[in-house]
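What follows is each chain in one-letter form.
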Amino acid sequence: MLEEALEHLVRGIVDHPDEVQVDLRTLRRGKVLEVRVHPDDLGKVIGRGGRTARALRTVIAALGGRGVRVDLVDVDRVR
Amino acid sequence: MTTADEQEEIVSEDSQPAADAEGASTDVSLLEREGDIAADYLEALLDIADLDGDIDIDVEGSRAAVSIVGADLSRLVGTGGETLEALQELTRLAVHRETGVRSRLMLDIGGHRARRRDELSELGRVRAEQVRDTGETARLDPMTPFERKVVHDAVAAVDGVVSESEGEEPERRIVIRRG
C-alpha cells in the first residue's frame, strides 16, 4: 500500500507521471521506498529546500511507514 | 516582519472579491477547478490507504477550501497538524501541475483547522491582554504561517499591543509587545 500511495502522490505533482517508479526494498538496515522520476522532475520532487521531499516523507510516515526510508534516486548518478 | 505566506493570508483575508464581475467569475471557476483537482488527488489517496472520508469542496474568499471529513482521520492530521500541512503542500503542487497557476488552496482534515483557529484566537487574545496589563513582552511557541495569521489577527483586536514574527521556519514564532 505504501508504494502505491507514494507513487500516486508523486505522479500527481510531476510533468512525466508515466516515468514515476517506486520500489519497496528490504535491506539489512530496514525498508526503503526508492523513488525514480524523469530527470527533469527531480527538482520538483525535492522542492525548495527539500520541502516537497519532506512532505512526502511525512505523509508516508503517517500512513504507517514510520521507520521506512524514502529515497529519491538520482537516475543520472546511479549509472 | 511577516513572511510572504503570512502576507498572502493577510491580503486574502482583507481583500474583497474583484469588483469586475467578469474577472471575478473567471476566478471562481478557477477556484472550483482547483477544488475538483484536489478532491481527485486526495480521494485516490484515501482509496489506496483504505481510509474512509468524504471530501467537501468550497470557495472561501479568494481561495479554494477542501476538507476531508470522516470518522478517524487523526493520523492524516498528525502531531501539531504536521501531516495536514504536508498533504496541503502536495495537494497545492498537484493543482498547480494541472492549472499552471500557483494554488493557495486551504485543506482541512477532520475539522482540525477550524478547532485550532478557535484555540489560537483565544490564546492570542489572552496573551495580548497579559502583555497590555503587565508590559512584559510575550514570546509564543513556534507556529505555522496559518497559525500565526490567526494569532496576529487576535492580537490586533486588542488595543495597546503589537505582534510580529521572529526567527526562521519551522522555529518562526510570534512576539507580542506593548506598542
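Quick note: structure is the one above.
This one's a predicted model, so the numbers in the text were calculated from it and none came from an experiment. (Residues numbered from 1 in each chain as written. Chains lettered and ligands numbered in written order. Predicted model: local features only at pLDDT ≥ 70, side-chain atom pairs only at ≥ 80, totals over all residues. Heavy atoms only, no water.)

Engineer: Even after reading the chapter, I still don't get the pattern of salt bridges, so can you show me in this structure?
Structural biologist: All names here are of chain A. By the definition in use, this model includes 20 salt bridges over all chains. Across the pair Arg-25 and Glu-34 runs a salt bridge whose closest N-O atoms are separated by 2.8 Å. Ionic pairing is found between Glu-34 and Arg-36, a salt bridge with its closest N-O pair at 3.4 Å. Look at Glu-34 and you get buried, because its relative accessible area is 10%. Overall, Arg-36 belongs to the partly exposed group, its relative accessible area being 23%. (Salt bridge = Lys/Arg side-chain N within 4 Å of Asp/Glu carboxyl O. Buried < 20%, exposed > 50% of the residue type's maximum accessible area, 1.4 Å probe, protein only.)

Engineer: So what exactly am I meant to see when it comes to the interface of chain B and chain A here?
Structural biologist: How big an interface is tends to be stated in terms of accessible area lost as the parts join. In this assembly, 17 residues from chain B lie in contact with 20 residues from chain A. At the boundary of chain B with chain A, total buried surface from both sides reaches about 1,700 Å², with 70% on carbon and sulfur atoms. Viewed at the interface, chain A and chain B are joined by 1 salt bridge. The residue Arg-51 of chain A makes a salt bridge to Glu-89 of chain B at a minimum N-O spacing of 2.8 Å. Across the chain B-chain A interface, the total number found is 5 residue pairs in polar contact (both at pLDDT 80 or more). Where the side of chain B that touches chain A is concerned, the elements lending two or more residues are α2 (21-49), α3 (74-77) and α4 (82-99) of chain B. (Contact = heavy atoms within 4.5 Å. Buried area = accessible area lost by both parts, 1.4 Å probe. Polar contact = N/O pair within 3.5 Å; in protein donor to acceptor, adjacent residues only side chain to side chain. Helix = DSSP H or I, 4+ residues; strand = E, 2+ residues; numbered from the N terminus.)

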